[in-house]
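Chain by chain, the residues:
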Amino acid sequence: MSTGVQYAAPHLNTSRSAKGRPMERNLLFLAALYMLAGMTTLYLDAPGILAYQAPAAGLTVAAAFLLVHLYWKASGYKGDRFLLSITAVLVSTGLVFLFRLDPDYGMRQFIWILIGLGSLVLTTRLLVDFRFLSDYKYIYALVGLIILILPIFFGKEQGGAKSWLDFGLFQFQPSEFVKILVVLFLASFLSENKAVLTAGTRSLGWISLPGLQEWAPLVVMWGISLLLLVFQRDLGTALIYFGTFLAMVYAATARIFYVLFGLGLFVSGASVSYLLFGHVRERVLIWLNPWPFIDGIGYQITQSLFAIGSGGILGAGLNQGYPGYIPVVHSDLIFSAICEELGLLGGAGMIILFMFFVFRGTKIALHARDEFAALAAAGLTALLGLQAFIIIAGVTKLLPLTGVTLPFISYGGSSLVANFILLGLLLNISHESDDSL
Amino acid sequence: MFSFVLLILRYAFLALLCIFIIKLVKWMFCDLANDKALLPDSHRKLSETKDVKETAGARLSVVKSSSPDLNCGDAFEIDKDIVLGRTGSSDIVIRDTFTSSKHARVFIKTGHYWLEDLGSTNGTFLNEVLVEQPVILADGDMIRVGGVTFQFVRCGHEMGVHN
């Protein structure tokens, strides 16, 4: 690289210095107030059961977020200014609702949030130089596959999906972490083979296709992960993997043909699994019309719809609804509880926050220094956005309900920690690329 | 009284969520406005460089060759993105055992000519330095692909440098 012009010219935009993060501080204070208002309500409403746990946990989490902010300020970290506060509000909402639904889950979620924040700080500290991650792509593919296979043999079935590893003390859902590995693998692979995939070396009629060499590893990776997920019956995760895969291929090549081809594959795969698997047929049946099955398989989705409907515009008010009737309300269906008690305003608020998250992520991808960073940012953003979309669409009956967690809000240690690591990687990419972000 | 306080708190929870979102929108809007302030400038720069691209051409001329198909002095105009490689579908076909089937490409972006290695086995060299990520080509640069060396010539500069 001694000759020619360097690929990435240093950014001129250093006038807005990276030292202070006043915006982030103000927003975090607001998030802390929000959390405290919720926790105080819960405390005053039922002091006997909750004791001091809820307000204490709320205060600790708010303080932990501020500490992360202060640490970044002190160390001159230049990651995105908005993502941490958006995450803080999402996490606060989740924690308040978990304490409201079941203080036991609330306490455990509280500990997981602290572990998650710890892993966020570690990610932004140890992986600041994330570029070395692109060197080990086949190792990711291998490790990812092994981790995915493990639950099939040693796994424990929960809610129809056999995707959990039981360690006695705690349970662990590997597919949450494999998602990140898959994105890193794809980003590395696609950035290396982007030119060939875009231009194509064979032509099929009017469409030029790349050769088998470039195309095969992708298809194999995709096929194996989908097959595994079908065997684990984890349909929601399969959908997220596939959507992220298509989004990244499109981001890398800008060729709509790949998306159409992928959608074709998806439709055929969906029809085949509809014909082959009973549990898939069941899901579609209760999606199209759950009302005849209200006493059985349709109970969950109908209760979710009742809850959302009874919320109205302003909601029943925190602790005033009856979300306890919804099965697994603490995890996958927490969005229905939020809609019931905070109404349309609160539900739309959550969706808007996720949209902002995706917006910032897309911006990070556009500003990234090179292809690997851009593709990784796009993939991680697509991953989180799709996951939020699929579960929100599921509980509102826009799509068939599949069991995935609502990022940062639902109860679940693996999901929470994995999402904090994802956030850390996004922040590292923005840290490297631009001071102004 | 107590229940009244509770009612207020309950709606304060929702109200604070809305206030947070409104603040967030406001800050993000400021952020975007700042970005916009930079936009017209960069826009102008792009269109300027586009003019340069349209007026000046460039070509690759062979200066050293181990391949029988390519002789010294052969020149290839670069009017679009071109691929160098061993397969027949490449724009410049190099029949050389050290060349990969899709070896490297030269493309035009933001008014510059860029050289990028397409993951070749033996590497692409610019002035005998391994190309690891896309680089901008300058007039007179030597590009080595396997046993063949090209010189990059920008026609706008040609009068002064050669002849």
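In this text, all values refer to a predicted model and were calculated from it rather than measured experimentally. Once a new chain begins, its residue numbering starts again from 1 and follows that chain's sequence as written. Lettering for chains starts from A, numbering for ligands starts from 1, and both go in the order in which the items are written. In keeping with the predicted nature of the model, local features appear solely for residues at pLDDT of at least 70, side-chain atom pairs appear and are counted solely at 80 or more, and the whole-chain, interface and lining totals rest on all residues. For the side-chain quantities, the full set of heavy atoms in the structure was used; hydrogens and water were omitted.

## What about the overall build of chain B?
Then, in step 1: Only DSSP runs of H or I with at least four residues qualify as helices, and only runs of E with at least two residues qualify as strands; both kinds are numbered from the N terminus onward. Regarding its fold elements, chain B presents 2 helices and 11 strands.
Then, in step 2: When the helices and strands of chain B are listed from N to C terminus, the series reads α-β-β-β-β-β-β-β-β-β-β-β-α.
Then, in step 3: Counting only residues that meet the buried cut, chain B has 42% of its 163 residues in that class.
Then, in step 4: Counting contacts in chain B only where the partners sit at least 6 residues apart, residues at least 24 apart contribute 39% of the total.
Then, in step 5: All accessible-area figures derive from a Shrake-Rupley calculation using a 1.4 Å probe, and residue coverage is judged against the displayed protein chains alone. Surface summary for chain B: the accessible area is close to 8800 Å², and the carbon and sulfur share equals 61%. Burial classes follow relative accessibility: with a 1.4 Å probe on protein chains only, a residue under 20% of its type's maximum area counts as buried, one over 50% as exposed, and anything between as partly exposed. Throughout, a residue-residue contact means that at least one pair of heavy atoms, one from each residue, lies within 4.5 Å.

## Focus on the overall build of chain A
Then, in step 1: Scanning chain A from N- to C-terminus turns up 15 helices and 5 strands.
Then, in step 2: Within chain A, contacts between residues at least 6 apart in sequence are counted, and of these 73% link residues at least 24 apart.
Then, in step 3: Summed over its atoms, the accessible surface of chain A is roughly 17900 Å², and 70% of this surface lies on carbon and sulfur atoms.

## Let's talk about the side chain of arginine 105 of chain B
Then, in step 1: Mapped onto the fold, arginine 105 of chain B is located in strand 5 (residues 104–109).
Then, in step 2: Apart from the residues lying within four places of it in its own chain, the contact partners of arginine 105 of chain B are Ala195 of chain A together with Asp81, Ile82, Val83, Leu84, Trp114, Leu115, Glu116 and Leu118 of chain B.

## Section: the packing of helix 14 (residues 371–395) of chain A against helix 15 (residues 413–433) of chain A
Residue and element names in this part refer to chain A.
Then, in step 1: Note on geometry: axes are C-alpha line fits, over the in-contact stretch for helices, and angles between N-to-C directions span 0 to 180 degrees. Axis separation between helix 14 and helix 15 bottoms out at 10 Å; the angle between their running directions is 145°. In this structure, the crossing between helix 14 and helix 15 has a hand that is left-handed. Contacts between helix 14 and helix 15 involve Ala373, Ala376, Ala377, Leu380, Thr381, Leu383 and Leu384 on the former and, on the latter, Asn419, Leu422, Leu425, Leu426 and Ile429. Definitions for this section: a left-handed crossing has its near helix turned counterclockwise from the far helix by less than a right angle. A right-handed crossing has that turn clockwise.

## As for the packing of aromatic side chains
Then, in step 1: Stacked, tilted and edge-to-face are the three classes assigned to paired rings of Phe, Tyr and Trp, where Trp is represented by its six-membered ring and a pair needs centres within 6.5 Å; plane angles under 30 degrees give stacked, over 60 edge-to-face, the rest tilted. In the structure shown here, the tally under the stated rule is 17 aromatic pairs over all chains.
Then, in step 2: Relative to phenylalanine 13 of chain B, the ring of tyrosine 34 of chain A has its centre 4.6 Å away and its plane inclined at 5°; by these criteria the two rings are stacked. Of this pair, tyrosine 34 of chain A sits in helix 1 (residues 22–45) while phenylalanine 13 of chain B sits in helix 1 (residues 2–55), on two different chains. In this structure, tyrosine 34 of chain A and phenylalanine 13 of chain B share a single accessibility class: buried.
Then, in step 3: Geometrically, the ring pair formed by tyrosine 105 of chain A and tyrosine 411 of chain A is tilted, given 4.8 Å between the ring centres and 55° between the ring planes. Within this pair, whereas tyrosine 105 of chain A is found in helix 5 (residues 103–126), its partner tyrosine 411 of chain A is found in the loop between helix 14 and helix 15, the two being separated by 306 residues in sequence.
Then, in step 4: Exposure remark for tyrosine 105 of chain A: the relative accessible area of 22% places this residue in the partly exposed category.

## A few points about the sheet that holds strand 11 (residues 148–154) of chain B
Residues and elements named next belong to chain B.
Then, in step 1: Two strands are counted as paired when DSSP detects at least two bridges linking them. Overall, antiparallel pairing links the 6 strands, which are arranged 2-1-11-10-7-8 in an open sheet. Of all the strands in the sheet, just strand 2 (75–77) and strand 8 (129–130) have a single pairing partner and so form its edges.
Then, in step 2: By the bridge criterion, 4 bridges tie strand 10 (residues 142–145) to strand 11 in an arrangement that is antiparallel. Within strand 11, the residue paired with isoleucine 143 across the bridge is phenylalanine 150.

## Quick notes on the interface of chain B and chain A
Then, in step 1: Taken together, the 37 residues of chain B in the interface contact 49 residues of chain A.
Then, in step 2: A 1.4 Å probe defines the accessible area here, and the buried area is the portion of it lost by two parts on being joined, summed over both. In total, chain B and chain A occlude about 4200 Å² of area from one another, counting both sides; carbon and sulfur atoms represent 74% of this.
Then, in step 3: For salt bridges, the criterion is a side-chain nitrogen of Lys or Arg within 4 Å of an Asp or Glu carboxyl oxygen. In this structure, the connection of chain B to chain A is made through 3 salt bridges.
Then, in step 4: Here arginine 10 of chain B and aspartate 45 of chain A are joined by a salt bridge, their closest N and O atoms 2.6 Å apart.
Then, in step 5: Here a polar contact means two N or O atoms within 3.5 Å. Within protein one must be a hydrogen donor candidate and the other an acceptor candidate, and residues neighboring in sequence count only if both atoms are side-chain atoms. Linking chain B with chain A are 6 residue pairs in polar contact (both at pLDDT 80 or more).
Then, in step 6: Contributions of two or more residues to the side of chain B that touches chain A are made by helix 1, strand 6 (112–117), strand 8 and strand 9 (135–136) of chain B.
Then, in step 7: When residues of the side of chain B that touches chain A are assigned to their parent elements, the largest contribution, 23 residues, is made by helix 1 of chain B.
Then, in step 8: Residue composition of the side of chain B that touches chain A, grouped by class: 26 nonpolar, 4 polar and 7 charged. Residues are sorted three ways: Asp, Glu, Lys and Arg are charged, Ala, Val, Leu, Ile, Met, Phe, Trp, Tyr, Cys and Pro are nonpolar, and all the rest, Gly among them, are polar.

## A word on the confidence of the model for chain A
Then, in step 1: pLDDT expresses how confident the predictor is about each individual residue, on a scale running from 0 to 100. Summarising the model, chain A shows a mean pLDDT of 83, and 84% of its residues fall at 70 or more.
Then, in step 2: For the stretch residues 1–19 of chain A, pLDDT sits under 50, and the model shows 34 contacts to residues farther than four places along the chain or on other chains.

## Focus on a nonpolar patch on the surface
Then, in step 1: Here a patch means residues that are over 30% exposed by relative accessible area and free of salt bridges, tied together within 9 Å if like-charged and within 5 Å if nonpolar (Val, Leu, Ile, Met, Phe, Trp, Tyr). On the surface, Ile313, Leu314, Leu344 and Leu345 of chain A together with Met1, Phe4, Val5, Leu7, Ile8 and Tyr11 of chain B cluster together to form a nonpolar patch covering roughly 990 Å² of accessible area.
Then, in step 2: Note that phenylalanine 4 of chain B resides in helix 1.

## Here we look at the packing of helix 4 (residues 83–101) of chain A against helix 15 of chain A
All names here are of chain A.
Then, in step 1: Running from amino to carboxyl end, helix 4 crosses helix 15 at an angle of 165°, the nearest separation of the two axes being 11 Å. Looking at the two axes, helix 4 sits roughly antiparallel to helix 15. Handedness of the crossing formed by helix 4 with helix 15: right-handed. Here Leu83, Thr87 and Val91 of helix 4 lie close against helix 15, whose contacting residues are Phe420, Leu423, Leu426 and Leu427.
Then, in step 2: Looking at the contact of helix 4 with helix 15 residue by residue, the classes come out as 6 nonpolar, 1 polar and no charged. The cut-offs work like this: below 35 degrees is roughly parallel, past 145 is roughly antiparallel, 65 to 115 is roughly perpendicular, and the gaps in between are oblique.

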